[in-house]
Amino acid sequence: MQTYPKAIAGLIDELRKIPGIGPKTAQRLAFHLVVSGKSSIDLLIDSLAEVRDTIGYCSVCGNLTDIDPCAICQDPQRDASVICVVGYPKDVLAIERVGGYKGLYHVLHGYIEPLKGIGPDDIRVKELIARVTGAGQAGHLAQAGQSAKMGQAQQVSGTGQARLGSQVKEVILATNPDIDGETTALYLARALKPLGVKVTRLARGLPFGADLDYADEVTFARALELPRHRDGLHL
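I will try to describe carefully the structure that is included in this document. Keep in mind that this is a model prediction, so the values were computed, not measured.

### Overview of the nonpolar core
Counting residues in each nonpolar core, the largest one holds 20 residues, and the members touching the most others are C84, V86, I95, Y101 and Y105. At the level of secondary structure, the elements contributing two or more residues to this core comprise α4 (71–74), β4 (79–86), α5 (89–98) and β5 (103–107). The next biggest cluster of nonpolar side chains, apart from the first, holds 17 residues, and it includes V132, V171, A185 and L192.

### Looking at the environment of R28
Its place among the elements puts R28 in helix α2 (residues 23–36). Its relative accessible area of 55% is what places R28 among the exposed residues. Sequence separation between R28 and I12 is 16 residues, and the spatial gap between their C-alpha atoms is 8.8 Å.

### Observations regarding unusual backbone geometry
Between D68 and P69 the backbone carries a cis peptide bond, its omega angle lying at 0 degrees. You can see P69 is positioned in the loop between β3 (67–68) and α4.

### Some remarks on the packing of helix α1 (residues 6–15) against α2
Running from N to C, α1 and α2 point in directions that differ by 130 degrees, and their axes come no closer than 9 Å. It follows from the interaxial angle that α1 and α2 lie oblique. Crossing geometry of α1 relative to α2 is assigned as right-handed. Along its contact with α1, which presents I8, L11, I12 and L15, the element α2 presents A26, Q27, L29, A30, F31, L33 and V34. Of the residues belonging to the contact of α1 with α2, the class tally is ten nonpolar, one polar and no charged.

### Concerning the packing of aromatic side chains
Going through the model one piece at a time under the given rule, you end up with two aromatic pairs. Both rings, one in Y88 and one in Y111, keep their centres 5.8 Å apart while their planes meet at 85 degrees; by these two values the pair is edge-to-face. With Y88 in the loop between β4 and α5 and Y111 in the loop between β5 and α6 (125–133), the pair connects residues that are 23 residues apart, well separated along the chain. Overall, Y111 belongs to the buried group, its relative accessible area being 4%. Here the aromatic rings of Y101 and Y105 are separated by 5.2 Å at their centres, their planes lie at 65 degrees, and the arrangement is edge-to-face. Of the residues examined, Y101 reaches a relative accessible area of 8% and is grouped as buried.

### A closer look at the sheet that holds β4
With respect to topology, four strands assemble into an open sheet ordered β5-β4-β7-β8, the strand pairing being parallel. Of all the strands in the sheet, the pair left with one neighbour each is β5 and β8 (198–201). Direction aside, neighbouring strands of the sheet carry axes that sit 25 degrees apart on average. Pairing of β4 with β5, which is carried by five bridges, proceeds in the parallel orientation. Residue pairing across strands places V85 opposite H106, the latter belonging to β5. Its contacts with the sheet place α6 against β4, β5 and β7 (170–173), and it is angled at close to 150 degrees to β5. Across the sheet, helix α9 (residues 179–192) lies against β4, β7 and β8, angled at about 165 degrees from β8, the strand it touches most.

About the criteria used
- Residues numbered from 1 in each chain as written.
- Predicted model: local features only at pLDDT ≥ 70, side-chain atom pairs only at ≥ 80, totals over all residues.
- Heavy atoms only, no water.
- Core = buried A, V, L, I, M, F, W, Y, C linked by side-chain atoms within 4.5 Å.
- Buried < 20%, exposed > 50% of the residue type's maximum accessible area, 1.4 Å probe, protein only.
- Helix = DSSP H or I, 4+ residues; strand = E, 2+ residues; numbered from the N terminus.
- Axes fitted to C-alpha atoms, helices over the stretch in contact; angles between N-to-C directions.
- Parallel < 35°, antiparallel > 145°, perpendicular 65-115°, else oblique.
- Left-handed = near helix turned anticlockwise from the far one by under 90°.
- Contact = heavy atoms within 4.5 Å.
- Nonpolar A, V, L, I, M, F, W, Y, C, P; charged D, E, K, R; others polar.
- Phe/Tyr/Trp six-rings, centres within 6.5 Å; stacked < 30°, edge-to-face > 60°.
- Pairing = 2+ DSSP bridges.

Below, the structure written as structure tokens:
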């Protein structure tokens with residue numbers, strides 16, 4: 001059995017923890033880093049340290065950011081009456097690539113998965129309800145613990161924070177079109193219905209079982225076109 005120096009073996013083990021990285025890929029990456037030289041490794045270390053120290057969660061929408069609230073939540077050109085609910089920060093990037101959506105976001109950081117013991121209290125459902133009802137400027141994400149883990153985003157103040165109290169009129173459920181995404185969307189639709197807010201769903205162009213992060217721009221553009229439908233939510 002082939003063995004590596006302890007340092008390289010440890011590096012391979014750490015790389016394997018990254019989603020989508022298997023043993024062979026981890027091995028190739030490790031050897032690439034080793035032979036790339038000290039300067040390249042130092043640059044990577046500096047980049048990782050900067051992410052660790054400066055990136056945190058937006059206290060309003062839950063997206064990754066280096067300022068708090070994030071640039072999207074502060075943008076006066078955004079329609080604060082519309083909130084697009086997504087599962088993860090990567091989904092925000094996927095929708096922003098299209099360039100057609102001008103509302104705000106709410107990141108759940110997961111989906112309801114009963115078989116794994118993940119319920120509504122384990123994702124950012126209460127924070128969404130708080131935003132819709134106007135109970136504060138959107139619930140904060142377990143700030144102390146999360147900020148310590150993800151880094152402390154720079155706090156900002158001014159008109160960006162003041163406009164976050166605007167009345168929400170529509171919530172777009174942009175969860176993944178799979179079992180977990182549909183389960184979460186159904187729960188949210190029923191929870192939001194008594195609040196008198198319009199609840200819509202990405203209804204066209206996204207096949208069941210797909211991942212938002214892999215959808216092309218044309219598919220997203222069609223899915224975001226009005227009218228969005230309430231079909232399938234059984235409100």
